[in-house]
Amino acid sequence: MHGNYNHNIPSARRRISRIRCLQDCITSLRNRQPFPDCLCYIPSELEYTTSYKTTWKLLQSPDKTSKVIKEIQATPSTRLIVSGEDFCNGDGKWLCVLKTKSTANDDYEHVPGDCLWLLLFSSRSSTEETPSAVPVQEVVSYSKSKLSLLKKQQPKIKSWEGVIEEHYAPVLKKHKAFIVPADKEAVDRLKALEKNWTLEHDAALVQVMSTNIPQETENLGSLRGFVEALGVSSYSSGDGESANLTDDDPNTYWETDGQQGQHWIRLTMKKGTIIKSLSLLVNLADDNYLPETIVVVAGEADDVKVLNSVNIVWSPQSNTEIKLLENLTEHYSIVTIRIKSCKSHGIDTRIRGIKLHCLEERSLGFDQEFFSGEKLVRYPLLQSFSPSVNYRRSVVLQRFMWLLDSVIHYLIPAWQSSIESCHFQEGSTLANLESIRQLLPLSKKRLALIDTLLKGSASDPSDRKIVYINRHAAFEHRVNPSDYNNTVFMQLYEGLKPRDRASTPLTYRWSSQNDQWWECKFISEGIIDQGGGFRDSLSDMAEELCPSDPDAPMALPFFVRTPNQSNEDGNVNRDSYIPNPSCHSLEKYEWLGQLMGACFRGKEILILSLPPYVWKRLAGESYNWSRDFATVDAAEVRLIDSLVNMDRETFLTTGRSWTMVLSDGSHVSLKVDSDGNPLPLAYEDRLEYAEKVREIRLAECDKQLKALRSGLLKVIPEAVLELLTWQELETRICGEPEISVEALMKNTFYHHIDEDDLRVKYFWTAVKNFSNEDRSHLLRFITGRRRLPVSIFISSGKNSPTNPLPESSTCCNTLHLPVYTDEKIAEERLRYAAYNCVSIDTDE
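All of these numbers come straight from a predicted model, not from anything done at the bench. (Residues numbered from 1 in each chain as written. Predicted model: local features only at pLDDT ≥ 70, side-chain atom pairs only at ≥ 80, totals over all residues. Heavy atoms only, no water.)

> For the sheet that holds strand β16 (residues 291-300), give the residues involved together with the corresponding values.
Across the sheet, which stays open at both edges, the five strands sit in the order β12-β14-β19-β16-β17 with antiparallel pairing between neighbours. The sheet is open, and its two edges are formed by β12 (227-232) and β17 (303-311), each paired on a single side. On average, adjacent strands in this sheet sit at an angle of 20 degrees to one another, irrespective of strand direction. For β16 and β17, the ladder comprises eight bridges, and the chain directions are antiparallel. The residue bridging valine 297 from the neighbouring strand is valine 306, located in β17. (Pairing = 2+ DSSP bridges. Helix = DSSP H or I, 4+ residues; strand = E, 2+ residues; numbered from the N terminus. Axes fitted to C-alpha atoms, helices over the stretch in contact; angles between N-to-C directions.)

> So, the environment of aspartate 247: which residues are in play, and what are the values?
One can find aspartate 247 in the loop between β12 and β13 (254-255). The sequence separation of aspartate 247 and glycine 221 amounts to 26 residues, and the corresponding C-alpha distance is 5.8 Å.

> Report on helix α5 (residues 199-210), specifying residues and quantitative values.
For α5, built from 12 residues, the straight-helix expectation of 16 Å at 1.5 Å per residue is met to within 8% by its first-to-last C-alpha distance of 16 Å. The buried fraction of α5 amounts to 10 of the 12 residues, a majority that puts the element mostly inside the structure. The set of residues buried in α5 consists of Leu199, His201, Asp202, Ala203, Ala204, Leu205, Val206, Val208, Met209 and Ser210. (Expected span 1.5 Å × (residues − 1). Buried < 20%, exposed > 50% of the residue type's maximum accessible area, 1.4 Å probe, protein only.)

> Describe the state of the cysteines, naming the residues involved and giving the relevant values.
Under the definition given, this model contains one disulfide. A disulfide bridge connects cysteine 96 with cysteine 115, and the sulfur atoms are separated by 2.4 Å. Here cysteine 115 lies in the loop between β7 (109-110) and β8 (116-122) and cysteine 96 lies in strand β6 (residues 92-101), a separation of 19 residues in the sequence. Here cysteine 520 is not disulfide-linked; the sulfur of cysteine 599 is the nearest cysteine sulfur, at 13 Å. Residue class for cysteine 520 comes out buried when judged on its relative accessible area of 1%. Not engaged in a disulfide, the cysteine cysteine 583 finds its nearest cysteine sulfur in cysteine 701; these two sulfurs lie 12 Å apart. (Disulfide = S-S within 2.5 Å.)

> Explain the packing of helix α13 (residues 586-601) against helix α20 (residues 726-734) to me, and be specific about the residues and the numbers.
For the pair α13 and α20, interaxial distance at closest approach is 7 Å and the crossing angle is 90 degrees. Taken together, the axes of α13 and α20 lie roughly perpendicular to each other. Seen from α13, the contacting residues are Met596, Cys599 and Phe600; seen from α20, they are Leu729, Arg732 and Ile733. A class-by-class count of the residues in the contact of α13 with α20 yields five nonpolar, no polar and one charged. (Parallel < 35°, antiparallel > 145°, perpendicular 65-115°, else oblique. Contact = heavy atoms within 4.5 Å. Nonpolar A, V, L, I, M, F, W, Y, C, P; charged D, E, K, R; others polar.)

> Tell me about the side chain of arginine 617, residues and numbers included.
Considering the arrangement of structural elements, one finds arginine 617 in helix α14 (residues 612-619). Look at arginine 617 and you get buried, because its relative accessible area is 16%. Here the side chain of arginine 617 touches tyrosine 613 through a polar contact of 2.7 Å, side chain to side chain. Sequence-distant contacts of arginine 617, that is, excluding residues within four places in its chain, are made with Tyr623, Leu698, Asp702, Leu705 and Arg709. (Polar contact = N/O pair within 3.5 Å; in protein donor to acceptor, adjacent residues only side chain to side chain.)

> Residue-level account of the pattern of salt bridges, with values.
Throughout the structure, instances matching the rule amount to 39 salt bridges. Among the ionic pairs, arginine 393 bridges to aspartate 202, the shortest N-O distance being 2.8 Å. Linking arginine 393 in helix α6 (residues 387-411) with aspartate 202 in helix α5, this pair joins segments that are 191 residues apart in sequence. The exposure class of aspartate 202 is buried, given its relative accessible area of 2%. The residue arginine 648 makes a salt bridge to glutamate 684 at a minimum N-O spacing of 2.9 Å. One end of the pair, arginine 648, is in helix α16 (residues 648-654); the other, glutamate 684, is in the loop between β27 (667-669) and α17 (686-698), with 36 residues separating them in the sequence. Through salt bridges that share partners, Arg32, Glu200, Lys616, Arg627 and Asp628 make up one connected network. (Salt bridge = Lys/Arg side-chain N within 4 Å of Asp/Glu carboxyl O.)

> Any chance you could break down the nonpolar core for me, citing the residues and the numbers?
Phe400, Leu439, Trp518, Leu545 and Met596 are the most contacted members of the largest nonpolar core, which has 140 residues in total. No other element matches the 12 residues that α6 contributes to this core. Leaving out residues up to four positions away in the same chain, methionine 596 has contacts with Leu606, Leu608, Trp615, Leu618, Leu708, Leu712 and Ile733. (Core = buried A, V, L, I, M, F, W, Y, C linked by side-chain atoms within 4.5 Å.)

> Hey, could you go over the packing of aromatic side chains for me, with residue numbers and the actual values?
All told, the structure shown has 25 aromatic pairs when counted by the stated rule. Seen in terms of ring centroids, phenylalanine 763 and tryptophan 764 are 4.9 Å apart; in terms of plane orientation they differ by 75 degrees. Their pairing is edge-to-face. A cation over a ring is seen here: arginine 266 above tryptophan 264, with NZ or CZ 4.1 Å from the ring centre. (Phe/Tyr/Trp six-rings, centres within 6.5 Å; stacked < 30°, edge-to-face > 60°. Lys NZ or Arg CZ within 6 Å of the ring centre and 35° of its normal.)

> Quick one: what's the story with a nonpolar patch on the surface, residue by residue and with numbers?
Among the surface-exposed residues, Ile466, Tyr468 and Ile523 lie close enough to one another that they form a single nonpolar patch of about 280 Å² accessible area. Mapped onto the fold, isoleucine 466 is located in strand β22 (residues 465-469). Judged by its relative accessible area of 32%, isoleucine 466 falls in the partly exposed class. (Patch = residues over 30% accessible without salt bridge, like charges linked within 9 Å, V, L, I, M, F, W, Y side chains within 5 Å. Areas by Shrake-Rupley, 256 points an atom, 1.4 Å probe, with all protein chains shown as cover.)

> Describe the environment of asparagine 31, listing the residues and the values that go with them.
Its place among the elements puts asparagine 31 in the loop between α1 (11-30) and β1 (46-49). Spatially, the C-alpha atoms of asparagine 31 and threonine 198 are 9.4 Å apart, while their sequence positions differ by 167 residues.

Purely geometric stuff here, so don't read any function into it on its own.
Below is the structure:
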């Protein structure tokens, strides 16, 4: 636990207190109210000393270059009274010093100016370096006096975690602890909710932080402090799992199950770690499973550096600890242990454990400077707020997420890992997380819990099904759709059905180690399916469901192109499909949901270009008309919303009647005359009409989405969906939209600008420096689509002031490039536009 706490409170009541506080915090977030005071608690003052002789330099401000106001020759008897409010910046962590005294028996003296600053430790310091000052540990008096006994029975609480338990735990008054008075001004600053701050701002802040916080992996054991992730080349099922490498149990082992000489262990190191020693532990009884030649490399793919090579001649007296690395002097992000050969030409190897010791750069979390400048370019919602506002909100959000992580395992009992039993009642704590789903990526425990839930519900079949597929017939149909029974989708659907009543239907709950779910026999093709054909069948099916070519005919009736694809209005969701409201083959949707669940569990992807509205519905997240349905039909959303404030004259020019059009193009009449014709819409009825349109359009594919989600829930426990954001669900099923520079170049054409123009050169230099996410946003800015293939046209920009933002016309996939003074500015402007200017369109 992070802070001190009251030992009189039993552990079960601690959990109750945290769950109660968690529920109040969720209510605060949902209602846009400040967090409870106890979560934002900051003690008015704390006492510090030193553990060795040192010189404290008290500065005028928290800046290394600031003027030194006072120097103190500190010993373990010297004391400081400091503010309980933390402050971190690029220099390190600072203490705000209020009072000092030379010895424990002296009286405290106020420092000049009421506050000076002491650098507790530098941002560059190692975790093994002792800070210049440490908190004073309270010594319990064993005097017989009544006052001393009372003090002994009443612990002093000065941490927010302890205050939460004091406030929410059901305990007797005599067991309550003494809480150090709070710094009310600091608490008010921390809990303050800025004007116009919404849950969407919290979600953006979480995105910033979560991309910079490694998720905790439960099976890292003693390596957790230094390693973000541990991967292995293969492992034997049962007793040989990779988790045995870190369980500190000499009786368990990791055993490979692969090709000779191709075994490896990969360590993804935490930022700032420097390896001081790395060893493998073995057991001589493992004989020809013992590794003989080991090479340790740093880096990935072809860009590797050999750190050490070890050749072992085994004997009965050999050491069972194989030292691989010692006293490195620099950080390596990825270290791979390659086992090239085993004793007596053994094929597989056994390793009993890994010993790792590192120097670790001290983590300051997110200092105030983190929330400034270029780091927020990708998060426009946060740019209008000062770094101090974002910093303080990040502190309280991290406290909230620590609270959630401390009880998350108790919110999902073990019995809820099965598929059938995960149904959450409205009002339960876990069900309440739905309203704050976008904050969950900040959780460090969530992904490990999801993996546990998936493993607990996995079910691999005893044999692999063989499916016969005629791709020639499927491709002919795709070019000229008629009877869709020839599609790969339908051939798979029929081929994977139980052949008779005695056959067991597939559960699609395959474990991640099952890397080929069925075997394809391609008719009239000389292909032996060893995994490639199976993956081709998934790819072919995805292309039939949601064609990547916007002009390709629809091979299947289950999805239709969203109206956004045909509306040339500058919207940025022009590559999406939605379930067809007119298709009622619900059993096919359910089967597709099962396949999506199988992709979620495994390593395969099924690229379905669905809008955020659909992914939110599948994940069970809340959705609304103006924000979410705009990803389906932005023009209709704008028009219907504009009816509310439309004046009578403008309304009369629209000529609306009591009719509407669904996403599949079918017309719906809401009010008709005696001949069945839609009645004209009166100005006074426009609000009623708008409400009915919203209601019908939001529900137009309810049956299809319900069937898709039903299929998902047959494969994935509901608890898993409750712990995911819609973005994570989409990524786990469809994969990351990989956009390489080469692929962009192949799809780019030039209009009224030469390919060797300096503006074009600056553009490609920027794109090469962009991350994949940046390129996806840039593609969306130019074309309204997030994935290739799509044609891009680059044109010259308007004559305008120096270094303006670029403009785009998504209706014709054109980027208008202005003149920039240098490469750096061009990159900054393009990145800013990609994230902040998605509504800019020269046609508007």
